[in-house]
Amino acid sequence: PGYKERMAAELAAMPQKVQSAQDERLSKIRICGTCQAMGTIKKQYGFRVLTEQCEDCGGEGLLGTKQPVESLKAANDVRQRITQLEAAIANAESVEELDQLETELRALQPNIAV
């Protein structure tokens, strides 16, 4: 059986309640018309072209996928703390202070290379 047949069989086997819940969630998502689902927009300043995050979709490229306010606030707090730590690392005067700041930064962002 081909792809279409397998998908039709999977959809038929899916409980109707689950399928309608998925359809409802997907119907609320729309592609951002400002950035054409790229998440970034290009602005020209003189001879320069700058790439900026799309303000309409928040860089997601989709509309209707907004996270709850609490998780956005928590993510913003983490970003602010990371910025503070990076500034403190740049101004660190001792190796011990630098190690402590780096450890805290790694705890906030485990996938970064410092």
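Preceding block: the structure.
A brief structural summary.

Reading the values: the criteria
Residues numbered from 1 in each chain as written. Predicted model: local features only at pLDDT ≥ 70, side-chain atom pairs only at ≥ 80, totals over all residues. Heavy atoms only, no water. Salt bridge = Lys/Arg side-chain N within 4 Å of Asp/Glu carboxyl O. Helix = DSSP H or I, 4+ residues; strand = E, 2+ residues; numbered from the N terminus. Core = buried A, V, L, I, M, F, W, Y, C linked by side-chain atoms within 4.5 Å. Buried < 20%, exposed > 50% of the residue type's maximum accessible area, 1.4 Å probe, protein only. Contact = heavy atoms within 4.5 Å.

Describing the pattern of salt bridges
Under the defined criterion, the tally for this structure stands at three salt bridges. Across the pair Glu 104 and Arg 81 runs a salt bridge whose closest N-O atoms are separated by 2.8 Å. With Glu 104 in helix H4 (residues 95–108) and Arg 81 in helix H3 (residues 69–90), this residue pair connects regions lying 23 residues apart in the sequence.

Focus: the nonpolar core
Of all hydrophobic cores here, the largest spans six residues; its members are Cys 32, Cys 35, Ile 41, Cys 54, Cys 57 and Leu 63. In contact with Cys 35, other than residues within four places in its own chain, are Thr 40, Ile 41, Cys 54, Cys 57 and Gly 61.

Describing unusual backbone geometry
The phi angle at Gln 36 is positive, at roughly 55°, despite the residue not being glycine. Its location among the elements puts Gln 36 in the loop between strand E1 (30–31) and strand E2 (40–45). For Gln 36, a relative accessible area of 56% puts it in the exposed group. The backbone of Ala 37 shows a phi angle near 70°, a positive value even though the residue is not glycine. If you trace the backbone, Ala 37 turns up in the loop between E1 and E2. Overall, the relative accessible area of 34% leaves Ala 37 in the partly exposed class.

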